[in-house]
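# Architecture at a glance
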Amino acid sequence: MSRGAGQRRTGAHGAMDAGLLESVRESVLADAGQVTPSRVAAAVQATGRLLGTAGSLAAVERISAELNGLGPLQELTKDPAVTDIFVNAPGSVWLDRGRGIEPAPVEFDSEPQLRSLACRLIAAGGRRLDDGSPCVDVRLPGGYRVHAVLPPVSTAGTLLSIRIRREGVFTMSDLEESGMFGPDIRQVLERLMAGRLSFLVSGATGSGKTTLLSTLLGLCAEQERLVLIEDASELNPVHPHIVSLESRHGNLEGGGAVDLGELVRQALRMRPDRLVVGECRGAEVRELLTALNTGHSGGGGTIHANTAAAVPARLAALGALAGMGPEAVRLQAASALDAVVHVERTPLGRRVTCIGVMVDVGHGLAVRPAVESGPAGVLRRGPGWAALAGRLGLETGSTG
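Residues numbered from 1 in each chain as written. Predicted model: local features only at pLDDT ≥ 70, side-chain atom pairs only at ≥ 80, totals over all residues. Heavy atoms only, no water.

## Here we look at the side chain of S214
By the element assignment, S214 lies in helix α8 (residues 209-217). Residue contacts for S214: discarding those within four places in its chain leaves V169, E234, L235, N236 and P237. (Helix = DSSP H or I, 4+ residues; strand = E, 2+ residues; numbered from the N terminus. Contact = heavy atoms within 4.5 Å.)

What follows is the structure in structure tokens.
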């Protein structure tokens, strides 16, 4: 193979030649050392190939990714706009930069290479991916949340989904400039946080719920103590006093599990000023509603729902998982939750499309739209505006 061909191989799909990679892997494991330019040069020389200085540096980066990083996917993480990476097959890699899912310019050499990466990433998270445990989710250092599925659960081969937690947090101005909301919606959100209203951020997967919640929590007063409860740590608000709790899966024998419901109960002993459940998706809704009804105002979390109006039905379904009847959910949620902030992914990007008030309509719960985002983020008032304005301490004719 010529030098030019070798360089084309290295840069085309982000995967090094299998023989070269194996030589370096054996060398590193044998000496318990790190991947360095000299080690790569020695491994390349042993194979009889030649790489220039640029080629050697590229080789170090590629092999480091193969041994310790995300392999061919590592290059995609350099784009700060990338939030999710999906691998459906060796030649089918996709990413999300906030404008919808799009194809990525990388691929794997083979299904074994893809499966090997998935198994290594899951092992790095302290769990096992094999035929006995074919669906696994872990969180890795560096802010990666990895979910992997093996055949035969996946009919097409190994599936890999990676969510990237960015350390940088957007400010309200950043989100406004990106088009997530206009100045009127921004004022309502800021008043909602200053007034310590309890709220849920609703939306579909990838709509920006966690991003918005992190930014809103950064508006809390510095003297407030925030206790964050998540299945996998994703919230990273800019605030000086944060306590973060993360659920734990059971071991191979099924012991040692700590679920979100237990974490909510533990959090109540930590004297939180604001209690936040990163994603409310199970029986923990009972503990959250109970907490918000016992003096812990200003808290909340996120919830999956297609529209703001669908949140009550979602709460009822989650309550059923906790053994709560519809009447109990109605009474608890009506007094515990003040508002619902709904975000959607639109052709123009992620946007806050509705802020509604949670109301008890006698026969059940309802979210009554208070403000909705019109063209260019301009606020439109809905039937719930008077109720929301009252809770925010605003005049019904004012937005700020």
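That covers the picture; the talk isn't over yet.
## Overview of the packing of helix α10 (residues 284-292) against helix α12 (residues 326-336)
Following both chains from N to C, one finds α10 and α12 inclined at 50 degrees, their axes separated by 8 Å at the closest point. Relative to α12, α10 is oriented oblique. Judged by the sense of rotation from one axis to the other, the crossing of α10 with α12 is left-handed. For the pair α10 and α12, contact is made by L289, T290 and L292 and by Q332, A333 and A336, respectively. The residue inventory of the contact of α10 with α12, partitioned by class, reads four nonpolar, two polar and no charged. (Axes fitted to C-alpha atoms, helices over the stretch in contact; angles between N-to-C directions. Parallel < 35°, antiparallel > 145°, perpendicular 65-115°, else oblique. Left-handed = near helix turned anticlockwise from the far one by under 90°. Nonpolar A, V, L, I, M, F, W, Y, C, P; charged D, E, K, R; others polar.)

## Some remarks on the pattern of salt bridges
If you walk through the whole model with that rule in mind, you get 26 salt bridges. Note that E102 and R97 form a salt bridge whose closest N and O atoms lie 2.8 Å from each other. Residue classification places R97 among the partly exposed positions, given a relative accessible area of 28%. The residue R271 makes a salt bridge to D273 at a minimum N-O spacing of 3.9 Å. A cluster of three or more residues bridged by salt bridges with shared partners is formed by D84, D137, R145, R163, D231, E234, E279 and R281. (Salt bridge = Lys/Arg side-chain N within 4 Å of Asp/Glu carboxyl O. Buried < 20%, exposed > 50% of the residue type's maximum accessible area, 1.4 Å probe, protein only.)

## Describing the nonpolar core
One finds F181, L189, L212, L217, V352, I355 and L388 to be the most contacted residues of the largest nonpolar core, which totals 36 residues. Here this core gets five residues from one element, more than from any other, and that element is helix α7 (residues 183-194). If you look at the next biggest cluster of nonpolar residues, it comprises 34 residues, including L263, L289, I303 and V340. (Core = buried A, V, L, I, M, F, W, Y, C linked by side-chain atoms within 4.5 Å.)

## Remarks on the side chain of D84
If you trace the backbone, D84 turns up in strand β1 (residues 84-89). A distance of 3.1 Å separates the side chain of D84 from the side chain of R163, its partner in a polar contact. Those residues in contact with D84 that lie beyond four places of it in its chain are W94, L95, D96, I162 and R163. (Polar contact = N/O pair within 3.5 Å; in protein donor to acceptor, adjacent residues only side chain to side chain.)

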